Structure formats: C-alpha cells, structure tokens
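Coordinates in review
Read off the chains here:
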Amino acid sequence: METFFERQMKKIFEFVIGGTRGGPMRLRIMEELAKKSRNTNELSKILGIDYKTTEYHIRILKENGLVTGANSGYGTKLSISPFFKSWGKAHKIWRNNKK
C-alpha cells in the first residue's frame, strides 16, 4: 500500500515529468543531479542542450520542489531537493505505473 508521501511524489512526477513534452529532459536532468551536484552550464554540456533550455527546465524543477540550489546566482550548484532525496523510489513508482 502506498503512503501519502509516495502518492504525492507520484502526482508531482506525473505533472512535471509525465505530463509535458519537456518531461524526458527534466528526468535526464534529475538523473544527472542524482549522480552529482552540478551547475546549469555543466548540465547543458553533459546533456548537449542549450544553456537557456537547461535553465528553463531547472526553473520548472525548482518551482515544483524537485531541485534546489545553494543560492540563485550564476554557477549555483544544483541538487535533488531534500524533500525528494528518495526520488529514486518515486521514480520507480512512477515508472511502474506507466507500464
């Protein structure tokens, strides 16, 4: 049986990742941040996308509480938010429900 927290994570994932065309890229960004904290420039180079596109996706992830940064200036190291440290579990739940 799912907990309340798991249901909420699933809803957010469905909205931010599953419900939009940009979802797959946001998922890739989160996968990279799960490996290591990075800044927007590093992410854009790793993912092979434009800096402004990366910046846009990060803003969406931040607004929905999935990603956090130490400050809000250029070069800010981003990471998975503490609230979603268990995002791997949420991702697994979300992926299983998409099959």
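Here helix 1 (residues 4-18) is 15 residues long and its end C-alpha atoms lie 20 Å apart, about the 21 Å a rise of 1.5 Å per residue gives. Regarding helix 1, the residues found buried are Glu 6, Met 9, Phe 13, Val 16 and Ile 17. Seen from one end, helix 1 has its buried residues packed into an arc of 110 degrees, which puts them on one side. Residues of helix 1 that are exposed and point more than 90 degrees away from the buried face comprise Phe 4, Lys 11 and Phe 15.

Structurally, Leu 33 is set in helix 2 (residues 23-35). Overall, Leu 33 belongs to the buried group, its relative accessible area being 4%. When the C-alpha positions of Leu 33 and Leu 43 are compared, they lie 8.5 Å apart, and in sequence the two are 10 residues distant. Residues in contact with Leu 33, not counting those within four places in the same chain, are Arg 38, Leu 43, Val 67, Leu 78, Ser 79 and Ile 80.

Moving on to the nonpolar core. Core analysis: the biggest nonpolar cluster contains 19 residues, and Ile 29, Met 30, Leu 33, Leu 61 and Leu 66 have the highest contact counts within it. Where this core is concerned, the elements lending two or more residues are helix 1, helix 2, helix 3 (40-47), helix 4 (51-63) and strand 2 (78-80). Looking at which element gives the most residues to this core, the answer is helix 2, with 5 residues. When residues no more than four places from it in sequence are discounted, the contact partners of Leu 66 are Ile 12, Phe 13, Val 16, Met 30, Leu 61, Ser 79, Ile 80, Ser 81 and Phe 84.

Let us now look at the pattern of salt bridges. With the rule as written, the count across this model stands at 5 salt bridges. Between Lys 35 and Glu 32 there is a salt bridge whose closest N-O contact spans 3.3 Å. Of the two residues, Lys 35 and Glu 32 are both situated in helix 2; the distance of 3 residues between them amounts to about one turn of the helix. Residue Glu 63 is joined to Arg 59 by a salt bridge in which the shortest nitrogen-to-oxygen separation is 3.5 Å. Of this pair, Glu 63 and Arg 59 both sit in helix 4, separated by 4 residues, roughly a single helical turn. Note on Arg 59: relative accessible area 42%, which makes it partly exposed. One network of salt bridges, with partners in common, ties together Glu 32, Lys 35 and Arg 38.

A word on the packing of helix 2 against helix 3. Any two packed helices are characterised by the angle at which their axes cross and by the distance between the axes. Here helix 2 crosses helix 3 at 115 degrees, and the two axes come no closer than 11 Å. Judged on the interaxial angle alone, helix 3 and helix 2 are roughly perpendicular. The way helix 2 lies across helix 3 gives a crossing that is right-handed. Listed contacts from helix 3 to Met 25, Arg 28, Ile 29, Glu 32 and Leu 33 of helix 2 are Leu 43, Ile 46 and Leu 47. In the contact of helix 2 with helix 3, the residues fall into 6 nonpolar, no polar and 2 charged.

Conventions adopted
- Residue indices begin from 1 for each chain and proceed along its sequence in written order.
- This being a predicted model, a pLDDT of at least 70 is required before a residue's local features are given, and a value of 80 or more before pairs of side-chain atoms are given or counted; all residues contribute to the totals for chains, interfaces and linings.
- Side-chain measures were taken over the full set of non-hydrogen atoms in the model, leaving aside hydrogen atoms and water.
- Helix and strand labels come from DSSP, where a helix needs a run of H or I of at least four residues and a strand needs a run of E of at least two; each type is numbered from the N terminus.
- To estimate the expected span of a helix, subtract one from its residue number and multiply by 1.5 Å.
- Partly exposed residues are those whose accessible area sits between 20% and 50% of the maximum for their type, while under 20% is buried and over 50% is exposed, using a 1.4 Å probe and protein chains only.
- An arc is given here, and it is the one of the directions from the helix axis to the C-beta atoms.
- Contact criterion: two residues are considered in contact whenever any of their non-hydrogen atoms come within 4.5 Å of each other.
- By convention a nonpolar core is built from buried Ala, Val, Leu, Ile, Met, Phe, Trp, Tyr and Cys residues, the set being connected through side-chain atoms within 4.5 Å.
- Criterion for a salt bridge: a side-chain nitrogen of Lys or Arg within 4 Å of a carboxyl oxygen of Asp or Glu.
- Convention adopted: a line fitted to C-alpha atoms gives each axis, helices being fitted over their contacting stretch, and angles between N-to-C directions are expressed from 0 to 180 degrees.
- Note on terminology: angles under 35 degrees are roughly parallel, angles over 145 are roughly antiparallel, angles of 65 to 115 are roughly perpendicular, and the others are oblique.
- Crossing chirality is assigned from the near helix's rotation relative to the far helix, an anticlockwise turn below a right angle marking it left-handed and a clockwise turn marking it right-handed.
- Gly is put with the polar residues, along with every residue not named as nonpolar or charged; the nonpolar set is Ala, Val, Leu, Ile, Met, Phe, Trp, Tyr, Cys and Pro, and the charged set is Asp, Glu, Lys and Arg.

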